Amino acid sequence: MVINYYFRNTTTTTMMIMLLATSMTYYSVSGFYFRHILPAGYRRNIIGSKVGDRFSLLAVDNNNKEKLSSSNSNSNNNSNRRTSNNNNDDSTKKKTPKKEGGPHPRNFFKGSYDMDRLASAYPTFDQYIIQPSALLPKDKKNNNRNTKKTRKRPTINFSDPKAVRSLNTALLVSDYGIKPNFADILPEDALVPPIPGRADYVHHVADVILSDLNNNTSSSSNIPKNIKGMDIGTGASCIYPLIATSCHEGWKMIASEINPVSILSAREIVKTNDLDDKIDVRQQDQSENIFDGILLENESIDFAMCNPPFYSSAEEFQAENARKRRGLAKGGANKNKRVPQKQQQENKDNGGSNNFGGTASELWCEGGEIAFVSKIIQESSSNVNCLWFSSLVSRKRHLEIIEKKLGFVKPKKVHRISLGAGTKQSYLLFWSFLSEKQRQQWAKERNWI
């Protein structure tokens, strides 16, 4: 008797079967489960191959396996399904993985947006909110509302750049005390920063500093007040310094930037919010340098952070931008939503919606984020007076390369922190060239302990 089996989308070669069995039986071969049903009274031996490799059948005690109650005819129709979908034995069921990721405990964002609260703090945002009643799909057959797919909470059209800009402005106004004209100051082509993710980075910076002090990282009262940090490539929004100085009393930030237009925007936002005594926006005139040309002679900082340009070219950015826009167009508030002809042309000219856009210096550089973070690593090892260096890394394969480069300069301590979950996972990489004793001495000199 000849049967074809499928193991995790891989078709095995035909198998010769002669084995004694009277009913449906489950087997595990190299981690794969399969079943077969053959009449009683046959003796079967299995010899087979998977992509040319021979395997042997593991013996199974039928008395320890619970059998399906379905008939032979139903089982034959489903003979290629995996055991984990049907077997009642919990040990063979495919278990739901534990939920990973999620916002930092101190993040104001708890996983969903309170649209009414945000609109109350920033009334301009109200016009972009889409109520659940507007998103009820109609049943094609009966032309009635399909209540099973009802969206429970208000949302926005995330493919609309103005809606996304307004959402993030509302978050800054309601949670961080930033003035509402932030959106008006930010240039049209500037990167629209997603606030929750940026805030997570700031909170993890505080956690890493606290890790040397043996303090409880869940309490903001333990976070030292006299901390000075540097944001490498702050962009037009100056977002990390805004969040850092808002969340943590006494913190001061150096905001470095190479783009003159972004410098003007960042300085205007700082000035408007009366933060000149907390945030110092400095222009980097030497594109080949990170710290040189920004830090003053003998100036020390407690940490450096960076959201590097992810892409290696404008073409790479445009391709990724188009992919994201296609994904947004598939669901929820964006599905079947007609995009005005003018906006279509603007998206085409600009390489896509500026939800994912920004100025050239914010988005790409030669070599992408691997080259940019590698430059930070190299320069950080050259007598920069800093306790903790860090950077965001967007992809795991990039992280592996960057960590190898980091190994060459031999830091004393490294922290890797995962952000998000699944396909949207990114990473924070921290490193210090000071030993534990030296870091403790740094803390004492700064009166943290």
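About the cut-offs
- Residue numbers here run from 1 along each chain, matching the order of that chain's written sequence.
- Totals for whole chains, interfaces and linings use all residues, but because this is a predicted model, local features are given only for residues with pLDDT of at least 70 and pairs of side-chain atoms are given and counted only at 80 or more.
- Derived side-chain values reflect all non-hydrogen atoms in the structure, with water molecules and hydrogen atoms excluded from consideration.
- Here a helix means four or more residues in a row that DSSP labels H or I, a strand means two or more in a row labelled E, and each is numbered from the N terminus.
- Per-residue accessibility, obtained with a 1.4 Å probe over protein chains only, is compared with the maximum for each type, and a residue is labelled buried under 20%, exposed over 50%, and partly exposed between these values.
- The nonpolar core is taken to be a set of buried Ala, Val, Leu, Ile, Met, Phe, Trp, Tyr and Cys residues, with the residues joined through side-chain atoms within 4.5 Å.
- Working rule for contacts: check all heavy atoms of both residues, and any pair within 4.5 Å makes them a contact.
- Aromatic pairs are defined between Phe, Tyr and Trp rings, using the six-membered ring for Trp, whenever the two ring centres lie within 6.5 Å; interplanar angles under 30 degrees are classed as stacked, those over 60 as edge-to-face, and all others as tilted.
- Strand pairing requires that DSSP identify at least two bridges connecting the strands.
- Every angle, taken between N-to-C directions, lies between 0 and 180 degrees, and every axis is a line fitted to C-alpha atoms, over only the stretch in contact when it is a helix.
- What counts as a salt bridge is simple: a side-chain nitrogen of Lys or Arg found within 4 Å of a carboxyl oxygen of Asp or Glu.

## What to know about the overall build of the protein chain
Part 1 of the argument: Secondary structure assignment for the protein chain yields 13 helices and 15 strands.
Part 2 of the argument: With 449 residues in all, the protein chain has 45% of them scored as buried.

## A few points about the nonpolar core
Part 1 of the argument: Among the nonpolar cores identified, the biggest contains 63 residues, and Phe125 and Phe303 are the most heavily contacted of them.
Part 2 of the argument: Contacts of Phe303, omitting those with residues within four sequence positions, involve Val205, Ile209, Ile227, Lys228, Gly229, Met230, Trp251, Met253, Cys386 and Trp388.

## Regarding the packing of aromatic side chains
Part 1 of the argument: Inspection of every chain in the model, using the stated rule, returns 8 aromatic pairs.
Part 2 of the argument: Where Phe108 meets Tyr176, the ring centres are 5.2 Å apart and the plane angle is 80 degrees; that geometry is what we call edge-to-face. Of this pair, Phe108 sits in the loop between α1 (72–77) and α2 (115–121) while Tyr176 sits in helix α3 (residues 161–176), and the two are 68 residues apart along the sequence.
Part 3 of the argument: Taking relative accessible area as the criterion, Tyr176 reaches 6% and is therefore assigned buried.
Part 4 of the argument: For the pair Trp251 and Phe303, a centre-to-centre distance of 5.5 Å together with 50 degrees between the ring planes defines the contact as tilted. A residue pair is termed long-range when its members are at least 10 positions apart, and Trp251 in the loop between α6 (239–247) and β10 (252–257) and Phe303 in strand β12 (residues 301–306) qualify at 52 residues. Judged on exposure class, the residue Trp251 and its partner Phe303 are both buried.
Part 5 of the argument: Through a chain of ring-to-ring contacts, three or more aromatic side chains come together here, namely Phe291, Phe389, Trp431 and Phe433.

## Quick look at the side chain of Thr272
Part 1 of the argument: By the secondary structure assignment, Thr272 is in helix α7 (residues 260–272).
Part 2 of the argument: Take Thr272: its relative accessible area is 16%, and that puts it in the buried class.
Part 3 of the argument: Setting aside its immediate chain neighbours within four residues, Thr272 contacts Lys179, Asn181 and Ile185.

## Structural notes on the sheet that holds β10
Where strands meet in a sheet, backbone hydrogen bonds hold them as pairs that are either parallel or antiparallel.
Part 1 of the argument: Taking strand neighbours across the sheet as the criterion, the 7 strands line up as β11-β10-β9-β12-β13-β15-β14 in an open arrangement whose pairing is mixed. One side of each edge strand has no neighbouring strand; the edge strands of this open sheet are β11 (279–283) and β14 (413–419). Pairwise comparison of adjacent strand axes, ignoring direction, gives a mean angle of 20 degrees for this sheet.
Part 2 of the argument: Across 7 bridges, the pairing between β14 and strand β15 (residues 426–432) is antiparallel. Along β15, the bridge assignment pairs His415 with Phe430.
Part 3 of the argument: Contacting β9 (228–232), β12, β13 (386–393) and β15, helix α11 (residues 368–380) runs over the sheet at an angle of about 175 degrees to β13.
Part 4 of the argument: The strands touched by helix α13 (residues 436–445) are β12, β13, β14 and β15; relative to β13, the strand with the most contacts, the crossing angle is about 105 degrees.

## Observations concerning the pattern of salt bridges
Two side chains with opposite charge may pair up if their charged atoms get near one another.
Part 1 of the argument: A complete count under the given rule lists 9 salt bridges for this structure.
Part 2 of the argument: Salt-bridge contacts for Lys179 lead to Asp274; the nearest nitrogen and oxygen are separated by 3.9 Å. Pair noted here: Lys179 is in the loop between α3 and α4 (182–185) and Asp274 is in the loop between α7 and β11, with a separation of 95 residues, a long-range link.
Part 3 of the argument: Residue class for Lys179 comes out partly exposed when judged on its relative accessible area of 36%.
Part 4 of the argument: Here Arg446 and Asp302 are joined by a salt bridge, their closest N and O atoms 2.5 Å apart. With a gap of 144 residues between them, Arg446 in the segment after α13 and Asp302 in strand β12 connect regions that are remote in the sequence.
Part 5 of the argument: Overall, Arg446 belongs to the partly exposed group, its relative accessible area being 25%.

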